[in-house]
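Descriptive analysis of the structure
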Amino acid sequence: MAANGTGVTSPRTPLKSILTEKAKGIPNDSAGTVKAQTIEELHSLQRKRSAPNTPLQGTTGAFANLSEDERQRQQLQSISASLASLTRGTGPKVIRGDPGGGKYQAVLHVARHHHIDAPVISVSDSSLKFTHVLYNLSPGELYEQALKYEKGSFLTSTGALATLSGAKTGRSPRDKRVVIDDTTQDELWWGKGSPNIEMDEHTFMVNRERAVDYLNSLDKVFVNDQFLNWDPKNRIKVRIVSCRAYHSLFMHNMCIRPTSEELENFGTPDFTIYNAGQFPCNRYTHYMTSSTSIDINLNRKEMVILGTQYAGEMKKGLFSLMHYLMPKRHILSLHSGCNMGKDGDVALFFGLSGTGKTTLSTDHNRFLIGDDEHCWSDDCVSNIEGGCYAKCIDLSKEKEPDIWNAIKFGTVLENVVFDEQTREVDYTDKSVTENTRAAYPIEFIPNAKIPCFGPHPKNVILLACDAFGVLPPVSKLSLAQTMYHFISGYTALVAGTVDGIKEPTATFSACFGAAFLILHPTTYAAMLAEKMQKHGATGWLVNTGWCGGSYGSGNRIKLPYTRKIVNAIHSGSLLKATYEKTEVFGLKIPNEIEGVPKEILRPENAWADKEAYKNTLLKLAGLFKNNFETFTEYKIGEDKLTEEILAAGPIF
Ligand SMILES: Nc1ncnc2c1ncn2[C@@H]1O[C@H](COP(=O)(O)OP(=O)(O)O)[C@@H](O)[C@H]1O
Ligand SMILES: C=C(OP(=O)(O)O)C(=O)O
Ligand SMILES: [Ca+2]
Ligand SMILES: [Mn+2]
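What comes next is a walk through the structure. (Residues numbered from 1 in each chain as written. Chains lettered and ligands numbered in written order. Predicted model: local features only at pLDDT ≥ 70, side-chain atom pairs only at ≥ 80, totals over all residues. Heavy atoms only, no water.)

**Notes on the overall build of the chain**
Each helix and strand counted, the chain has 19 helices and 31 strands in total. When contacts within the chain are restricted to residue pairs at least 6 apart in sequence, long-range pairs at least 24 apart make up 73% of them. (Helix = DSSP H or I, 4+ residues; strand = E, 2+ residues; numbered from the N terminus. Contact = heavy atoms within 4.5 Å.)

Okay, structure coming up:
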């Protein structure tokens, strides 16, 4: 019992009834009372259907001049057709809304009148059931789906959705297959060095059927209808069918989000992804070497994912598609970040994973056009995507404030570790994986350039994270050198292991993204050379890796220094610097850059052990030379340029 004086009355003391204001006939709640008689009625008041933000009259496109009912019916029919088993010939009966009902009653109510009674040819259980379609849900709805049904989904302290991607926490390049047919056999890059592992049409159909059957066996599937490429003349319509709210929200963030008017007129997609990643492929199926397979069929305009839930697979699969479609239109597709200064100067940032495309293109003093995938046409540079996919390991508010602040409601946070109670994320924790990621819509970056396109680039920055520590922090390249390094696509990351120091390993990936190329690298290289020449762009090589020694003895170049270097490129001040040429690689390095210690600009000065430096330099030069041998028989642009490129590599 509480002691006297604490204000707690003994329960034995009877309370005197007090005459309230209400009892006197004056309501004490100035806002009034709810207009509902029952709790169900109250709940139904909470939700309303948003009206389309543009009137339907006067619209053009596939569904123009249709009644709302007819439009909805055609939309569902199109989704049913996507989900059709090709052997049974009919699409499933699809219905809009959550099978859980209740919450989505408003949607269900509309949909009930519009399910498709497809003629049943052969009756199977799957043709008797309905597949609930959760079509272009909003982030709020997807959060609810994820939190309710997907293990490993949590709200973090800043409102992001923490998710687990499952057993795979990175891409599976050895399981990426492309259908070889009469057309693709001649058009595509096959064989040595190519990322495209061949598969025949029949095997593709076996995997497609497996994915479609799996998707149709579920109570519900998520369907996203979205766009790729901000260049209005070259926009591609994509449909993504998936089984997880995580996947649907990821693609909502990463692809371009249609307005409601654009969605009403979406019609038939140009390309469809069937993501049945929770379900493995069948190891007895021809060509299958693991339980994972990511299959692209360019002729059918389809991609099938089995055996991996890593969401980046969808993003980069679509990038491969663009590497096929865009060059056909004489547009260059690029694995690069892109931003623009206040004066309209555009810079491209090429580089392999982890070299700084996202970090350096996200610059508080410049407009972000995109962090990863772009197109360079005769008119402009445009972002392919509608969002960014940032690495989160060791993310800090001080060093990368814009990315930090983008991790809020709506953002998908993959494979991070957080405090169970406070829900604060520990970005240093690698318990699940080192490849922790945040996927957010590009407008979460305050100075995003929307629509995401800009004028022809002025600077082309090639990023290499050189863990050998012998490449200069920055060098100015001739056109031939730019092409040599673009085709080489060098980086040397260090595989982080618990066993301590590991030797850096060099990676060469043509066009800084061989994994996503569909045509031979020299096709893209020739296009880049032509565009750089035509628009007078300057090439730069920036080492975002080690200096003063290799990994283990030297240190990674501090991000603020790299930012200073990049600023000097943007402002044009670096163009005016005086340069010296290095031995072996023949790179032109500036004598000084404001704010960057002079000692680090020239690698040999930064190394204490000069002999070790020379040996490491020669070792790397040898690796470059070996790698380039496969390209020496190819022509890149006109004969003169081809010769110059061959001579632009290391000489020793
Ligand atoms: N000097 C530097 N320049 C660029 N990034 C750096 C540097 N030092 C450390 N980093 C870190 O390296 C990572 C670069 O990754 P990211 O920008 O996501 O690469 P990409 O987009 O090319 O895959 C980030 O985690 C960034 O914080
Ligand atoms: C999604 C990816 O992109 P990046 O690492 O280049 O940011 C990836 O390579 O898996
Ligand atoms: Ca990135
Ligand atoms: Mn990237």
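**A word on the pattern of salt bridges**
Counted under the stated rule, the structure contains 21 salt bridges. For E70, the salt bridge goes to R73, with nearest N and O atoms at 3.3 Å. Of this pair, E70 and R73 both sit in helix 2 (residues 68-82), 3 residues apart, which is roughly one turn of that helix. Residue R73 is classed as partly exposed on the basis of its relative accessible area, which comes to 32%. In this structure, E262 engages R235 in a salt bridge whose closest nitrogen and oxygen atoms are separated by 2.9 Å. Of the two residues, E262 is situated in helix 9 (residues 260-264) and R235 in the loop between strand 7 (220-228) and strand 8 (236-242); the sequence distance between them amounts to 27 residues. Taking the relative accessible area as the measure of exposure, R235 reaches 34% and is therefore partly exposed. (Salt bridge = Lys/Arg side-chain N within 4 Å of Asp/Glu carboxyl O. Buried < 20%, exposed > 50% of the residue type's maximum accessible area, 1.4 Å probe, protein only.)

**Observations regarding the site of ligand 1**
Neighbouring residues of ligand 1: 16 residues in total, closest G354, K357, T359, E400 and I557. For ligand 1, an oxygen atom lies 2.8 Å from a polar atom in the side chain of T358. Within the side chain of T562, one N or O atom sits 2.9 Å away from a nitrogen atom of ligand 1. Its free accessible area being 580 Å², ligand 1 has 89% of it covered by the protein chains. Counting residues per element, the shell around ligand 1 draws most heavily on helix 11 (residues 357-361), which supplies 3 residues. (Near = heavy atom within 4 Å. Polar contact = N/O pair within 3.5 Å; in protein donor to acceptor, adjacent residues only side chain to side chain. Areas by Shrake-Rupley, 256 points an atom, 1.4 Å probe, with all protein chains shown as cover.)

**A word on the nonpolar core**
In summary, soluble globular proteins display a tendency toward joint burial of nonpolar side chains. Among the nonpolar cores identified, the biggest contains 130 residues, and I273, L318, F350, L413, Y440, F585 and I645 are the most heavily contacted of them. Listed in part, the 25 residues of the second largest apolar core include Y135, V241, C243 and L306. (Core = buried A, V, L, I, M, F, W, Y, C linked by side-chain atoms within 4.5 Å.)

**Examining unusual backbone geometry**
Cis rather than trans, the peptide bond between I450 and P451 has omega equal to 0°. Looking at the secondary structure, you find P451 in the loop between strand 21 (437-441) and strand 22 (453-454). Unlike most non-glycine residues, Y287 shows phi in positive territory, near 80°. Mapped onto the elements of the fold, Y287 is located in the loop between strand 9 (271-276) and strand 10 (293-297). Residue classification places Y287 among the partly exposed residues on the basis of a relative accessible area of 27%. Its identity as a non-glycine residue notwithstanding, R423 has a phi of 65°, on the positive side. Within the secondary structure layout, R423 lies in the loop between strand 19 (417-418) and strand 20 (425-426). Its relative accessible area of 26% is what places R423 among the partly exposed residues.

**Topic: the sheet that holds strand 3 (residues 154-155)**
In spatial order, the strands read 3-4-18-21-17; together these 5 strands make up an open sheet with mixed pairing. Bordering the open sheet on either side are strand 3 and strand 17 (387-391), each of which pairs with just one other strand. Two elements, strand 4 (residues 161-163) and strand 18 (residues 412-414), share 3 bridges in a ladder whose sense is parallel. Within strand 18, the residue paired with L161 across the bridge is V412. (Pairing = 2+ DSSP bridges.)

**Looking at the site of ligand 2**
Around ligand 2 lies a shell formed by R171, Y310, K315, K316, H335, S353, K357, D372, Y389 and R437. Within the side chain of K357, an N or O atom sits 3.3 Å from an oxygen atom of ligand 2. Taken together, the residues of the shell around ligand 2 sort by class into 2 nonpolar, 2 polar and 6 charged. (Nonpolar A, V, L, I, M, F, W, Y, C, P; charged D, E, K, R; others polar.)

**Notes on the sheet that holds strand 6 (residues 197-199)**
Within a sheet, neighbouring strands are paired by backbone hydrogen bonds and run either parallel or antiparallel to one another. Ordered in space as 1-2-7-8-9-11-10-5-6, the 9 strands form an open sheet in which the pairing is mixed. Single-partner strands in this sheet number two, and they are strand 1 (93-96) and strand 6. Pairs of neighbouring strands in the sheet enclose a mean axial angle of 25°, with direction left out of account. Here strand 2 (residues 130-135) pairs with strand 7 via 4 bridges, running parallel. Opposite V133, over in strand 7, you have V221 as the bridge partner. Sitting on the sheet, helix 7 (residues 201-217) touches strand 2, strand 5 (176-179), strand 6, strand 7, strand 8, strand 9, strand 10 and strand 11 (302-306), and the angle it makes with strand 11 is about 65°. (Axes fitted to C-alpha atoms, helices over the stretch in contact; angles between N-to-C directions.)

**A word on the packing of helix 13 (residues 479-488) against helix 18 (residues 610-628)**
Two numbers describe how helix 13 lies on helix 18: the axes approach to 10 Å, and their chain directions differ by 80°. One finds that helix 13 runs roughly perpendicular with respect to helix 18. Note on element contacts: helix 18 touches helix 13 through F624, K625, N627 and F628, opposite Y484, H485, I487 and S488. Here the contact of helix 13 with helix 18 is composed, by residue class, of 4 nonpolar, 3 polar and 1 charged. (Parallel < 35°, antiparallel > 145°, perpendicular 65-115°, else oblique.)

**Concerning the pairing of strand 1**
Neither face of strand 1 is open: one carries K93 and I95, the other V94 and R96, and all of them are buried. Bridging between strand 1 and strand 2 involves 4 bridges; their strand directions are parallel. Residue pairing for strand 2: R96 is matched across the bridge by V133.

**Some thoughts on the packing of aromatic side chains**
Per the counting criterion, the structure on display carries 19 aromatic pairs. The structure contains a cluster of three or more aromatic residues connected by ring pairs, namely Y484, Y490, F508, F585, F624, F628 and F631. When the ring centre of F444 is taken as reference, the NZ or CZ atom of K408 above it lies at 4.5 Å. A cation over an aromatic ring shows up here: R437 above the ring of Y389, its NZ or CZ 4.6 Å from the ring centre. (Phe/Tyr/Trp six-rings, centres within 6.5 Å; stacked < 30°, edge-to-face > 60°. Lys NZ or Arg CZ within 6 Å of the ring centre and 35° of its normal.)

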